[in-house]
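Examination of the molecular architecture
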Amino acid sequence: MVHALLDAGVHAVVGTTGWDADALARVRAHASTRPDVGVLIAPNFALSAVLAMRFASVAARYFASAEVVEMHHPRKLDAPSGTAVHTARGIAEARAGAGLAPMADATASALPGARGADVDGVPVHALRLEGLVAHEQIFLSNPGELLTLRTDSFDRISFMPGVLLAVREIASRPGVHVGLETYLDL
Ligand SMILES: NC(=O)C1=CN([C@@H]2O[C@H](COP(=O)(O)OP(=O)(O)OC[C@H]3O[C@@H](n4cnc5c(N)ncnc54)[C@H](OP(=O)(O)O)[C@@H]3O)[C@@H](O)[C@H]2O)C=CC1
Ligand SMILES: O=C(O)C1=N[C@H](C(=O)O)C[C@H](O)C1
């Protein structure tokens with residue numbers, strides 16, 4: 001779909017998650033044939049989630065350990081959530097940039113999944129619970145201290161301001177961008 005929109009010269013705001021690295025690379029390659037067209041792939045349009053991700057990536061370099069727990073409604077098809085993957089990648093990039101060593105974890109035996117998914121070295125845990133919409137907690141810790149960042153979308157109305165911002169801005173932002181934070185002055 002995004003390839004067809006690029007071919008037609010139509011800007012695309014994408015909120016669908018579950019993209020793997022290969023799919024993203026294919027879009028980037030295809031987009032290079034239409035540098036005049038904008039593509040925004042945003043795993044979350046809620047301001048609280050975008051800010052939580054940003055805060056996590058700013059804080060990550062100061063903490064020895066980091067893990068992400070996302071919680072969603074049980075009808076969700078992908079796990080972990082696109083938001084959690086994006087959060088973990090931001091943390092991992094910040095850690096790598098600061099030259100931090102891999103996180104301590106002495107686990108020697110575990111049931112499959114017990115330590116979550118490994119996203120660039122950051123454990124990500126997915127809960128599916130009736131009654132929830134979209135929620136995430138980011139844990140960052142050092143010996144003797146813990147920082148917890150939490151974002152809750154109680155209603156899908158939370159995504160709307162970000163979607164409107166994206167569709168209003170996209171024509172002035174050619175190229176492929178990942179994450180609504182690229183549109184914000186953060
Ligand atoms: N970026 C963000 O802020 C957010 C992202 N999401 C992401 O959006 C995606 C959809 O989630 P959600 O809205 O809960 O899912 P839903 O099942 O509620 O909606 C999916 C929609 O896609 C349509 N659809 C499904 N398959 C096709 C297809 N092959 N061709 C065309 N249309 C299709 C469905 O149409 P029909 O009803 O006719 O089957 C339906 O309208 C997920 O990846 C989710 O993670 C969700 C919320 C916020
Ligand atoms: O499926 C959902 O509902 C959501 N999906 C997105 C994700 O995977 O991060 C955004 C939000 O969490 C809602």
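The rules behind these values
- Residues numbered from 1 in each chain as written.
- Chains lettered and ligands numbered in written order.
- Predicted model: local features only at pLDDT ≥ 70, side-chain atom pairs only at ≥ 80, totals over all residues.
- Heavy atoms only, no water.
- UniProt positions renumbered as here; feature names shortened; annotations may be inferred.
- Helix = DSSP H or I, 4+ residues; strand = E, 2+ residues; numbered from the N terminus.
- Contact = heavy atoms within 4.5 Å.
- Near = heavy atom within 4 Å.
- Polar contact = N/O pair within 3.5 Å; in protein donor to acceptor, adjacent residues only side chain to side chain.
- Areas by Shrake-Rupley, 256 points an atom, 1.4 Å probe, with all protein chains shown as cover.
- Nonpolar A, V, L, I, M, F, W, Y, C, P; charged D, E, K, R; others polar.

The chain goes by 4-hydroxy-tetrahydrodipicolinate reductase in an unreviewed UniProt entry, where it is assigned to Litorihabitans aurantiacus. Looking at the Sequence similarities (unreviewed entry) heading of the UniProt record, one finds this comment for the chain: "Belongs to the DapB family." Among the UniProt annotations of the chain, the heading Pathway (unreviewed entry) holds the following wording: "Amino-acid biosynthesis; L-lysine biosynthesis via DAP pathway; (S)-tetrahydrodipicolinate from L-aspartate: step 4/4."

On to the side chain of serine 57, then. Along the chain, serine 57 falls in helix H3 (residues 47–59). If near-sequence neighbours (up to four positions away) are discounted, serine 57 is found in contact with Gly90 and Ala94.

Attention shifts here to the site of ligand 1. Within the structure, ligand 1 sits among Gly15, Thr16, Thr17, Ala42, Pro43, Asn44, Phe45, Lys76, Asp78, Arg156 and Phe159. In this structure, phenylalanine 45 approaches ligand 1 through a main-chain N or O atom, which is 2.9 Å from an oxygen atom. Contact between ligand 1 and lysine 76: an oxygen atom at 2.9 Å from a side-chain N or O atom of the residue. Look at ligand 1: alone it shows 930 Å² of surface, and the protein chains cover 33% of it. Partitioning the shell around ligand 1 into residue classes produces four nonpolar, four polar and three charged.

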